[in-house]
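Coordinates in review
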Amino acid sequence: MREVTRLYDPMSAASDAISETTPATTPRQRRREVALLFLRLGFTAFGGPAAHVAMMEDEVVTRRRWIDRQHFLDLLAAINFVPGPNSTELAIHLGLIRAGRAGLVIAGVCFIVPAVLIILPLAWVYCAYGTGPNALPHVEGMMSAIGACVLAIIAAALWRFARTGIRDAFTTTIAIAVAGIGFLPPRYTGYQPELVSLALSALAGAIWYGRPRAPGSARAALLVLGTPLWDPDLGRLGLFFLKVGATLFGSGYVLVSYLKSGLVDQFQWLTEAQLLDAIAIGQITPGPLLTTATFAGYLIGYTTFDGGVSGGVAGAVIATVAIFLPSFLFILVLGPLLQRIRTNRYARGALDGMNAAVVALILVVTIGLAGASFFPGGQLHLGNVVLAVTALAALLALHLNSTWVVLIGGVVGWMLW
């Protein structure tokens, strides 16, 4: 039994204890278990990363006892040090623990693909009937209302992250500095200032929180890929999303900042209103929030690159593969090291610094998206203001699931506007 555990678990010491309480299974049975579990979660995991984590904990700890709760919490904490979507990487890592490298691929694919299959027809409907001269009034009203609700969801996440990430005077200083940089016009900050802000915040946090001890051997690596300048257009699209997947730290909500600075500000492939719609689709569909890239890729391929349905599908597939590929590679390579990384004093300080920077980045994006939602076409949209404020109150005071907030907002928009 112990030999099987060592074969499939990169952190065998933690898994050996729990493996003694689970029935013996063959490698094929374990791969099947992983596939069935994460395929089901891929079709039913609504509500964003926090909901995904809760569902995975219930399934793999309480029901299936693949690992114990402490091991699960250790994985959840350590994954914060890896770029990419945390809940997706947690699924990939659980697949690695349960069924080895094959399980890593199976878990990730089964968790991601259902959302892609749901989003593709929604993207086609949006491009065919949701915008432009062929737009249906009900569809436009529904997407406008959903955009207001998504704004409220991001604002609620900002509030929760600020309560956790702003811990003291040092993290407050980092947040203020990063927010100040974020509000500068793009011509002063260059392309994607988030990467520089996060890197400097991590360095400052490692120095500040690690200073009581004598300097040890600390290493840090920042993967920065060059700005995609290739042709054809789909190649540039793929390189952009590959860079996002390889350098995205923190919550999936930071994705909004990355996409806005790249797709809206730099390349101008999407408008802010279209970006809000893409985020809304990613929010109301099950699975990872990063499947927003699927919708954005379809929209860019269909409209911006004028590729029609075939171009939209190609853009969606390329964007999806590119943004998730780094997560598979990171977990494959770094999985055995995550436990040791999270206990390092300097790494802990770096994470605290980045968390404060993440709060500031989300604040900047929230304010920008509020302008797009509240003043479409330069005119105040009072309905969206009321809807956003009401949704924010429901999220913070009633703890209503974000999926229900978005669905109710869509119904209201369909009926009224």
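**A word on the packing of helix H11 (residues 233–247) against helix H12 (residues 254–266)**
Each packed pair of helices is defined by two parameters, the angle between the axes and the distance between the axes. It is at 11 Å that the axes of H11 and H12 come closest, and there the two elements cross at 150 degrees. The angle between the axes of H11 and H12 places the two elements in the roughly antiparallel class. Here H11 runs over H12; the crossing is right-handed. Residues Phe 240, Phe 241, Val 244 and Thr 247 of H11 lie in contact with H12, whose contacting residues are Leu 255, Tyr 258, Leu 259, Gly 262 and Leu 263. For the contact of H11 with H12, the class distribution of residues is 7 nonpolar, 2 polar and no charged.

**Examining the packing of H12 against helix H13 (residues 272–284)**
Where H12 contacts H13, the two axes come as close as 11 Å, and the packing angle between them is 145 degrees. Regarding H12 and H13, the two cross each other, and that crossing is right-handed. Contacts between H12 and H13 pair Val 256, Leu 259, Lys 260 and Val 264 from the former with Glu 272, Leu 275 and Ile 279 from the latter. Across the contact of H12 with H13, the residue classes break down as 5 nonpolar, no polar and 2 charged.

**Let's talk about the pattern of salt bridges**
One pass over the full model with this rule turns up 8 salt bridges. Residue Arg 236 is joined to Asp 233 by a salt bridge in which the shortest nitrogen-to-oxygen separation is 3.6 Å. Of the two residues, Arg 236 and Asp 233 both sit in helix H11, 3 residues apart, roughly one turn of that helix. Residue Lys 260 pairs with Glu 272 through a salt bridge whose shortest N-O separation is 3.4 Å. With a gap of 12 residues between them, Lys 260 in helix H12 and Glu 272 in helix H13 connect regions that are remote in the sequence. For Lys 260, a relative accessible area of 15% translates into the label buried. What you see here is one network of salt bridges that share partners, running through Arg 40, Glu 59 and Arg 64.

**Brief notes about the confidence of the model for the chain**
Mean pLDDT over the chain: 79, with 80% of residues reaching 70 or higher. Contacts of residues 1–22 to residues separated by more than four positions or lying in other chains number 44 contacts, the stretch itself having pLDDT below 50.

**As for the nonpolar core**
Core analysis: the largest hydrophobic core is formed by 94 residues, its most contacted members being Val 150, Leu 198, Phe 241, Leu 263, Phe 295, Ile 323 and Leu 369. Examining the composition of this core, we find that 18 residues originate from one element, helix H17 (residues 345–374), more than from any other. Those residues in contact with Leu 263, other than ones at most four positions away along the chain, are Phe 240, Phe 241, Gln 268, Trp 269, Leu 270, Ala 296 and Ile 300. Residues Leu 75, Val 82, Leu 90 and Ile 97 belong to the second largest nonpolar core, which totals 26 residues.

**Comments concerning the side chain of Thr 366**
Its place among the elements puts Thr 366 in helix H17. On the accessibility criterion, Thr 366 (10% relative accessible area) is buried.

**Description of a nonpolar patch on the surface**
A cluster of nonpolar side chains, namely Trp 124, Val 125, Tyr 129, Val 309, Val 313, Val 317, Val 321, Leu 325 and Leu 329, defines an oily patch on the protein surface of about 730 Å² accessible area. Listed by contribution, the elements that provide at least two residues to the nonpolar patch are helix H6 (86–130) and helix H15 (308–334). No other element matches the 6 residues that H15 contributes to the nonpolar patch. With respect to the helices and strands, the residue Val 313 is situated in helix H15.

**Considering the packing of aromatic side chains**
Counted under the stated rule, the structure contains 8 aromatic pairs. Aromatic side chains Phe 240 and Phe 267 sit 5.9 Å apart centroid to centroid with 85 degrees between the ring planes, which places their arrangement in the edge-to-face category. Residue Phe 240 is located in helix H11, and its partner Phe 267 is located in the loop between H12 and H13; the two are separated by 27 residues in the primary sequence. The exposure classification of Phe 240 matches that of Phe 267, with both residues buried. Taking the centre distance of 4.4 Å and the plane angle of 10 degrees together, the rings of Phe 267 and Trp 269 count as stacked. For Phe 267, a relative accessible area of 13% translates into the label buried. Cation over ring: Arg 167 sits above Tyr 209, and NZ or CZ is 5.4 Å from the ring centre.

Reading the values: the criteria
- Residues numbered from 1 in each chain as written.
- Predicted model: local features only at pLDDT ≥ 70, side-chain atom pairs only at ≥ 80, totals over all residues.
- Heavy atoms only, no water.
- Axes fitted to C-alpha atoms, helices over the stretch in contact; angles between N-to-C directions.
- Helix = DSSP H or I, 4+ residues; strand = E, 2+ residues; numbered from the N terminus.
- Parallel < 35°, antiparallel > 145°, perpendicular 65-115°, else oblique.
- Left-handed = near helix turned anticlockwise from the far one by under 90°.
- Contact = heavy atoms within 4.5 Å.
- Nonpolar A, V, L, I, M, F, W, Y, C, P; charged D, E, K, R; others polar.
- Salt bridge = Lys/Arg side-chain N within 4 Å of Asp/Glu carboxyl O.
- Buried < 20%, exposed > 50% of the residue type's maximum accessible area, 1.4 Å probe, protein only.
- pLDDT = per-residue confidence, 0-100.
- Core = buried A, V, L, I, M, F, W, Y, C linked by side-chain atoms within 4.5 Å.
- Patch = residues over 30% accessible without salt bridge, like charges linked within 9 Å, V, L, I, M, F, W, Y side chains within 5 Å.
- Areas by Shrake-Rupley, 256 points an atom, 1.4 Å probe, with all protein chains shown as cover.
- Phe/Tyr/Trp six-rings, centres within 6.5 Å; stacked < 30°, edge-to-face > 60°.
- Lys NZ or Arg CZ within 6 Å of the ring centre and 35° of its normal.

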